[in-house]
Amino acid sequence: MSETLFDKVWNRHVVVPETDAHPATIYIDLHLIHEVTSPQAFTVLKDRGLKVRRPDLTLATIDHSTPTLLNDDGTRPFVTDQAEKQVETLLANAAEHGIETHGWDSDNRGIVHVMGPELGATRPGMTIVCGDSHTSTHGAFGAIAFGIGTTQVGHVLANQCILMRKPKTMAIHVDGELQPGVTPKDVILAIIAEIGVGGGTGYALEYRGSVFENMSMDGRMTVCNMSIEAGARCGMVAPDDKTFAYLEGRKFAPDNYLAACDDWASLASDPGAVYDKEVFMKAEDIRPMVTYGTHPGMAMPIDALIPAAADKAEEDALEYMQVKAGAEIAGLKVDRVFIGSCTNSRMEDLRAAASVMDGGQVPDGLIAIVVPGSEQIKIQAEAEGLHEIFTSAGAQWREPGCSMCIAMNGDKAAPGELVVSTSNRNFAGRQGPGARTVLASPETAAAAAISGVLVDPRTFLDEEAA
Ligand code: SF4
């Protein structure tokens, strides 16, 4: 019987099948933990006298609350005592339970969804969980990966399993060739605008078609990362030669690599596999996208006019964002630019942003920060001189971390400020109380940084071509 990629990976991990009365018990291959959602789970474990069931399948990092600037003396200015305590607690818990940890002294410390793939801990056919919604990122490798709550973090620490109902499957086909200046971020924003923020609810998405086949692993991670923003449980891309080339030689790559690749290749959906739903889009229809409201589904081409509100919630969103239906979004004054997050902080993103910012200048009054996704990315970007392009243009080059994606570490915008951000959520107040977020690609964010206004990034492509 023909099976989908999701079905194949799911079936390999069922410990106890689902019934009407009970969800399935699913075995978890990799549990990623960080300082925000794990302390309470470790406390529960301690109270019950339990140990971590598989410390060897658990991997820790610090990213959410970590400062991205250093004091002159090299110390770290935590925004609150609580933030510092969270980090100390994670490091202590991980050490006590024998969990591999990428803390301050590791060259692999980074945002949890950047670090996992970099280490090769994320591999095809796995089940991966983390107490962070954007765990869907790891689906780019053909893994079932999804975010879990603090209580579930405790369950997985204790028994390496999770209870869940099997989601339905949805294939999202995007075929054709992307136009110049159109990036993976634009593709996923266009998909969410098409199917809606609730369009993926109850589904596991599989991204199919020539656009994803031709996309880099960095790009596939950007796409899968935002699956959750369409309400989906997870998003996946079938593993292929690009996946195998990416993982080869990484720390956790299997010893018998060719045999592993053969197995991974067999995970692709079978011809004739049936999905519960299918969506078809044309690559040529996608233009550089930005959001104009307070959820990622309120996304539009940057060269279009702001759509009319469909309901009261959208009316409120337009008011919050201080934009008017029927007006152009290009030209909107920008106060801050954030290039970073597990959506867009990888080498491909930083190279793209640097190519736009090269030779430009951030105008007075605008603050632009570039935050690499990991220590490895910081090292590589500096080796390529990208940091000098950013700082010469007047942007700040920071230490790795989640930073303004969630604004827990003190990196945030002031009330009313407009932020062009390469992150994944534009909810009201996400980047600081009253802050207004416009989600965009690294190219669009970089173009805004040196223009002081929202501008079509293709303008810069044209200038280069000319
Ligand atoms: S960058 Fe944002 S979405 Fe990603 S792990 Fe950090 S807080 Fe979560």
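Since we're looking at a predicted model, the values are computed, not measured.

Undergrad: Got a minute to help me understand the overall build of the protein in this structure?
TA: Helix and strand counts for the protein stand at 16 helices and 19 strands. Counting only C-alpha atoms and orienting by the principal axes, one finds that the protein spans roughly 60 × 55 × 45 Å. Buried residues in the protein amount to 54% of all 466 residues. Within the protein, contacts between residues separated by at least 24 positions form 75% of all contacts whose residues are at least 6 apart in sequence.

Undergrad: Where do I start with the site of the ligand in this structure?
TA: In the neighbourhood of the ligand, 13 residues make up the surrounding shell, with His134, Cys342, Cys402, Cys405 and Ile406 lying closest. For the shell around the ligand, the per-class residue count stands at 6 nonpolar, 5 polar and 2 charged. Counting residues domain by domain, the shell around the ligand receives three or more from each of domain 1 (5-164) and domain 3 (290-465).

Undergrad: It is not clear to me how the sheet that holds strand E1 (residues 14-16) should be interpreted in this structure. Could you clarify?
TA: What holds strands together in a sheet is hydrogen bonding between their backbones, with the strands either parallel or antiparallel. With respect to topology, 3 strands assemble into an open sheet ordered E1-E2-E8, the strand pairing being antiparallel. Two strands close off the open sheet at either side, each with one partner strand: E1 and strand E8 (161-164). Going across the sheet, the axis of each strand differs from the next one's by a mean of 40°, ignoring polarity. As paired strands, strand E2 (residues 24-27) and E8 are joined by 4 bridges and run antiparallel to one another. By the bridge assignment for E8, Ala24 is matched with Met164.

Undergrad: It is not clear to me how helix H5 (residues 150-159) should be interpreted in this structure. Could you clarify?
TA: Think of an α-helix as 3.6 residues a turn; residues three or four steps apart then line up on the same face. The complete set of buried residues in H5 reads Gln152, Val153, Gly154, Val156 and Leu157. The secondary structure elements touched by the buried residues of H5 are strand E3 (30-33), helix H2 (39-47), strand E6 (127-130) and E8.

Undergrad: Honestly, the domain arrangement of the protein in this entry has me stumped. Any pointers?
TA: Domains assigned within the protein are domain 1 (5-164), domain 2 (168-285) and domain 3 (290-465). Between domain 1 and domain 2, the C-alpha centre-to-centre distance is 22 Å. Contacts between the two partners involve 24 residues from domain 1 and, on the opposite side, 27 residues from domain 2. Among the elements of the structure, helix H1 (5-11), helix H4 (112-119) and strand E7 (144-147) are those that each provide at least two residues to the side of domain 1 that touches domain 2. Split into classes, the residues belonging to the side of domain 1 that touches domain 2 amount to 12 nonpolar, 10 polar and 2 charged.

Undergrad: Looking at this model, I keep getting lost on the packing of helix H6 (residues 184-195) against helix H8 (residues 217-225). Mind explaining?
TA: Two packed helices can be described by the angle between their axes and the distance between those axes. One way to put it is that H6 packs onto H8 with a least axis distance of 8 Å and a crossing angle of 25°. When the interaxial angle is binned, H6 and H8 end up roughly parallel. Every pair of crossing elements has a handedness; the one defined by H6 and H8 is right-handed. Note on element contacts: H8 touches H6 through Gly219, Thr222 and Val223, opposite Pro184, Lys185, Val187 and Ile188.

Undergrad: When you look at the packing of helix H12 (residues 347-357) against helix H15 (residues 442-451) in this model, what are you seeing that I'm missing?
TA: Two elements in contact, H12 and H15, have axes whose closest approach is 8 Å; the angle formed by their N-to-C orientations is 30°. The two elements H12 and H15 cross, and the hand of that crossing is right-handed. From H12, Asp349, Ala352, Ala353, Val356 and Met357 reach across to H15, where they touch Pro442, Glu443, Ala445, Ala446, Ala447, Ala449 and Ile450. Of the residues assigned to the contact of H12 with H15, the class counts are 10 nonpolar, no polar and 2 charged.

Undergrad: Help me understand the nonpolar core, please; the structure alone is not making it clear to me.
TA: One broad trend across soluble globular proteins is that nonpolar side chains are buried collectively. The biggest cluster of nonpolar side chains holds 134 residues, and the ones touching the most others in it are Ala353, Met357 and Ala449. No other element matches H6, which puts 8 residues into this core. The residues touching Ala353, leaving out its near neighbours within four places in the chain, are Ile339, Val370, Pro442, Glu443, Ala445 and Ala446.

Undergrad: How do you make sense of the sheet that holds strand E11 (residues 234-236) when you look at a structure like this?
TA: Strand order in the open sheet formed by 4 strands is E11-E10-E9-E12, with parallel pairing between adjacent strands. The open sheet has two edge strands, E11 and strand E12 (277-282), and neither has a second partner. Along the sheet, successive strands turn relative to each other by an average axial angle of 20°, direction set aside. Two strands pair when backbone bridges link them, and strand E9 (residues 168-175) and strand E10 (residues 203-208) are joined in this way by 6 bridges, in the parallel orientation. Looking at the pairing, Met170 lines up with Leu205 of E10. Across the sheet, H6 lies against E9 and E12, angled at about 125° from E12, the strand it touches most.

So, how was this worked out
- Residues numbered from 1 in each chain as written.
- Predicted model: local features only at pLDDT ≥ 70, side-chain atom pairs only at ≥ 80, totals over all residues.
- Helix = DSSP H or I, 4+ residues; strand = E, 2+ residues; numbered from the N terminus.
- Buried ≥ 20, exposed ≤ 12 C-beta atoms within 10 Å, placed from the backbone.
- Contact = placed C-beta atoms within 7 Å.
- Near = placed C-beta within 6 Å.
- Nonpolar A, V, L, I, M, F, W, Y, C, P; charged D, E, K, R; others polar.
- Domains from an automatic or database assignment.
- Pairing = 2+ DSSP bridges.
- Axes fitted to C-alpha atoms, helices over the stretch in contact; angles between N-to-C directions.
- Parallel < 35°, antiparallel > 145°, perpendicular 65-115°, else oblique.
- Left-handed = near helix turned anticlockwise from the far one by under 90°.
- Core = buried A, V, L, I, M, F, W, Y, C linked by C-beta atoms within 7 Å.

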